[in-house]
Amino acid sequence: MRIVIAEDDPLLREGVALLLRAESLDVVATTDTPGSFLAAVAEHEPDVAIVDVRMPPTHTDEGIVAAVEARRRLPGLAVLVLSAYVEQAFATELLAAGANRLGYLLKERVGRVDEFLGALHRVAAGGTAVDPEVVGQLLARNPRTSALGRLSPRERDVLALMAEGLGNAAIAERLVVTEGGVHKHIRSIFAKLDLAPDDRADRRVTAVLRYLEGTGSR
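Residues numbered from 1 in each chain as written. Predicted model: local features only at pLDDT ≥ 70, side-chain atom pairs only at ≥ 80, totals over all residues. Heavy atoms only, no water.

The name given to the protein in an unreviewed UniProt entry is DNA-binding NarL/FixJ family response regulator, with Saccharothrix longispora as the source organism.

If you want it as structure tokens, here you go:
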């Protein structure tokens, strides 16, 4: 796995690089500005980019803008975004172009090494990984409008765990239910969100995107 890191905090940037190299992962470049990040992506064509939301010069949304542009230039690039806070608009902006191979984690998650590495590997493998704290706060803000309002409380629990990137077996373990029960809930979620079987789209990813867009509504 070839990785580019874009983070303007030198301690975090080098700390993440050391952690990943200790796991025998190939960190091909570390950068501290959006421009140098895009240049590194063009030069190295990495499998995954780890990107800070807030970068120079204004420390607002430069990281998100650069991540979206990097995915446009290098289709299939997996992106794991790091943020110090839950920044709802940035999460949904990044996911708006499609949720495959995308992750959104709070920086504090890096210190929980197994969770951080698990999210990185899920994103690299084509999945989605959204920080549980992000999911929880977005869920709390949801006014229960739109198609999401059709879901039962348990179905919403299942969909929230899908947003974190968990598979059926892990969801079953977390909710202390059978895997068959999780499968039934997911079928019901797809039906209530009007996600018909379609080989051109991953319904699981689309459901997660609907969830994040819905929780972002006001």
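Considerations on the environment of methionine 162
Short version of the rule: Helix and strand assignments follow DSSP, with helices taken as H or I runs no shorter than four residues and strands as E runs no shorter than two, numbered in order from the N terminus. Accessible area is worked out with a 1.4 Å probe on protein chains only. A residue is then buried under 20% of its type maximum, exposed over 50%, and partly exposed in between.
Counting through the fold element by element, methionine 162 comes out in helix H7 (residues 153-164). Classification of methionine 162 as buried rests on a relative accessible area of 3%. Sequence separation between methionine 162 and threonine 128 is 34 residues, and the spatial gap between their C-alpha atoms is 8.4 Å.

Some thoughts on the pairing of strand S5 (residues 102-106)
This is how the line gets drawn: Pairing between strands is defined by DSSP: at least two bridges between the two strands are required.
Burial analysis of S5 places five of its five residues in the buried class, the great majority of the element. Of the two faces of S5, the one holding Leu102, Tyr104 and Leu106 and the one holding Gly103 and Leu105 are both buried throughout. With five bridges joining them, strand S4 (residues 78-83) and S5 adopt parallel strand pairing. The partner of leucine 82 across the bridge, within S5, is leucine 105.

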